[in-house]
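Close look at the chain arrangement
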Amino acid sequence: DQKGSRYDEDLATLEKLGILLPGSVVVADNVLKPGSPLFLWRLQHGGTYDTQIVKLQEFAMPAEDWMSVSVRKADAPCGLSSGPSGGDTVVG
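In this text the structure is predicted, and so the values were computed from the model without any measurement.

What counts, and at which threshold
Residues numbered from 1 in each chain as written. Predicted model: local features only at pLDDT ≥ 70, side-chain atom pairs only at ≥ 80, totals over all residues. Heavy atoms only, no water. Salt bridge = Lys/Arg side-chain N within 4 Å of Asp/Glu carboxyl O. Core = buried A, V, L, I, M, F, W, Y, C linked by side-chain atoms within 4.5 Å. Buried < 20%, exposed > 50% of the residue type's maximum accessible area, 1.4 Å probe, protein only. Helix = DSSP H or I, 4+ residues; strand = E, 2+ residues; numbered from the N terminus. Contact = heavy atoms within 4.5 Å. pLDDT = per-residue confidence, 0-100. Pairing = 2+ DSSP bridges. Axes fitted to C-alpha atoms, helices over the stretch in contact; angles between N-to-C directions. Patch = residues over 30% accessible without salt bridge, like charges linked within 9 Å, V, L, I, M, F, W, Y side chains within 5 Å. Areas by Shrake-Rupley, 256 points an atom, 1.4 Å probe, with all protein chains shown as cover.

Here the focus is the pattern of salt bridges. With the rule as written, the count across this model stands at 5 salt bridges. The closest approach of N and O atoms between Asp10 and Arg6, which form a salt bridge, is 3.2 Å. One network of salt bridges, in which partners are shared, links Asp8, Glu15, Arg42 and Arg72.

The structure is reproduced here in structure tokens:
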């Protein structure tokens, strides 16, 4: 749990280092507010993770937020994939 805008960068670093093995679980809070669109795009469209988005009430606030729960696939592709901005992002 940290600033949502850092999630995508942190996930890319973990992938580059080879720390996330098949079956690894990645959980992120506050992906709706303040949000982490690049991170969610990578999880949903990168082909590397099975992802569920869970809606929940923000603690002590009358606001909805999302939490993502992702499992790295056993057959996750290796190499680079174009991200939503057209740049290359690490996929495996």
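This part is about the nonpolar core. By size, the foremost hydrophobic cluster in this structure holds 10 residues: Tyr7, Leu11, Leu20, Val26, Ala28, Val31, Phe39, Leu40, Leu43 and Tyr49. For this core, the element with the most residues is helix α3 (residues 37–45), which contributes 3 residues. Here Leu20 is in contact with Leu11, Leu14, Glu15, Val26, Tyr49 and Arg72, once residues within four sequence places are set aside.

Per-chain confidence: the protein chain averages 81 in pLDDT, with 78% of residues scoring 70 or above. Across residues 79–83, where pLDDT falls below 50, the model places 18 contacts with residues more than four positions away in sequence or in other chains. pLDDT under 50 marks residues 85–92. Its contacts with residues more than four places away, or in other chains, come to 29 contacts.

Our next topic: unusual backbone geometry. Most peptide bonds take the trans configuration, and most residues that are not glycine carry a negative phi. The step from Lys33 to Pro34 runs through a cis peptide bond, and the omega angle for that step is 5 degrees. Checked against the element boundaries, Pro34 lands in helix α2 (residues 31–35). At Asn30, a residue that is not glycine, the phi angle is positive and equals roughly 60 degrees. Looking at the element boundaries, Asn30 is found in the loop between β1 (25–29) and α2.

A few words now on the sheet that holds strand β2 (residues 49–57). An order of β1-β3-β2 is seen for the 3 strands of this open sheet, with the pairing classed as antiparallel. The open sheet has two free edges, formed respectively by β1 and β2, since each of these has just one partner strand. Ignoring which end each strand starts from, the neighbouring axes of this sheet average 15 degrees apart. Taken together, the 5 bridges between β1 and strand β3 (residues 64–72) define a ladder with antiparallel strand orientation. For Val25, the partnering residue across the bridge sits in β3 and is Val71. Lying over the sheet, helix α1 (residues 7–16) contacts β1, β2 and β3, oriented at roughly 165 degrees with respect to β1.

Time to look at a nonpolar patch on the surface. Together, Val25, Val27, Val54, Val69 and Val71 line one region of the surface with nonpolar side chains, adding up to about 350 Å² of accessible area. Counting residues per element, the ones that place at least two in the nonpolar patch are β1 and β3. You can see Val54 is positioned in strand β2. Val54 gets classed as partly exposed once you look at its relative accessible area, which sits at 37%.

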